[in-house]
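For reference, the chains in residue letters:
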Amino acid sequence: MLLAVALFSLMDTVMKLLTVHYPAMQVAALRALCSLPLVLAYIGWRGAFRGMFKVRWPLHLLRAVLGVAMLSLFAFGLKKLSLAEAYTIFFIAPALITALSVVFLKERVNAARWTAIGVGLVGVIVVLRPTGEGMLTLGGLAILGAAAFYAVSSIAGSILGRTDSGEHMVLWLMILMSVGACALAAPSWVPIRSSEMLLLCALSVTGFLGQLAITEAFNKGEASSIAPLEYSALAWGVGLDWLLWQTLPDRFTLLGAAIIIASGVYLIGHEHHHATAEHP
């Protein structure tokens, strides 16, 4: 899980570097396109092409639309914010997933969980600082929108996973996102500069290996034990921000991050306690 977070942090750094020269939608398209050859090779190696067309198409299409929207908004947000600021706002996603599970998965959420979700939202407000001089900007709202789309996509993935294999979910997500994002980015497509081919290779490798690492993490470990390690992204964000752009998060961002992470860790721990109580 720690390796997955590190790889995704490096991938996001590459995306942030690319947003300097390319539109956000094109960066989203490049993210999907660059990983697609490695995904196809992996699916072939696993022998998982069989039955790839016998899937629940509506949910695959929904996840692709959500994925394109999420990547585009996240890329736009990275253009405006530092990595640490973007990660801090995006950390609200676990709380949003829990809230949405009530509506779509018919899960029961008690008062303690709702309290944790509310505290997490307070942390986001602290980070955004809606005072006119804070981060309540298009960039901050874009990251918040990306977190919301990610949460809905996660719920759709949970439903889809009941019938479709993980390999087919990854395969069709990458294919459909590549087609959709490229179609939307085509009108304002900027020619790729040869000097940035190494960045595109890094985007491909980090995105693909990160996906493998996080899949392996959740396959081999308990979600309640490894999910909190996602918050190590903040350390990567702060370090990469300082190394590449000589910026550090302010006290409001750090305070908001502490509130969001505390609520998230509590929420995950609470879920684990109830799971073990129900199935000792």
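Residues numbered from 1 in each chain as written. Predicted model: local features only at pLDDT ≥ 70, side-chain atom pairs only at ≥ 80, totals over all residues. Heavy atoms only, no water.

Across its full length, the protein carries twelve helices and zero strands. Mapped from its N terminus to its C terminus, the protein presents α and β elements in the order α-α-α-α-α-α-α-α-α-α-α-α. Expected size for 280 residues packed as a compact globule is a radius of gyration near 19 Å; at 19 Å, the protein falls within 12% of this value. Every one of the 280 residues in the protein was classed for burial, and the buried ones make up 47%. The contacts of the protein with a sequence gap of at least 6 include a subset with a gap of at least 24, amounting to 88%. (Helix = DSSP H or I, 4+ residues; strand = E, 2+ residues; numbered from the N terminus. Rg over C-alpha atoms; globule rule 2.2 N^0.38 Å. Buried < 20%, exposed > 50% of the residue type's maximum accessible area, 1.4 Å probe, protein only. Contact = heavy atoms within 4.5 Å.)

Judged by how many residues are buried, helix α4 (residues 83–90) sits mostly within the fold: eight of eight residues are covered. Listed as buried for α4 are L83, A84, E85, A86, Y87, T88, I89 and F90.

Once that is clear, we can look at the confidence of the model for the protein. Of all residues in the protein, 92% have pLDDT values of 70 or greater, and the mean over the chain is 87. For the protein, the element scoring lowest by mean pLDDT is helix α10 (residues 223–226), at 66; helix α1 (residues 2–18) scores highest, at 95. (pLDDT = per-residue confidence, 0-100.)

Our focus in this paragraph is the nonpolar core. If you look at the biggest cluster of nonpolar residues, it comprises 67 residues, and the most contacted ones within it are M15, M177 and L203. Here this core takes ten residues from helix α2 (residues 24–46), the largest share from any one element. Not counting residues up to four positions away in its chain, the partners in contact with M177 are A32, A64, G67, V68, L71, W172 and C182. Formed by seven residues, the second largest nonpolar core is a distinct cluster that contains L105, I155, L160 and M169. (Core = buried A, V, L, I, M, F, W, Y, C linked by side-chain atoms within 4.5 Å.)

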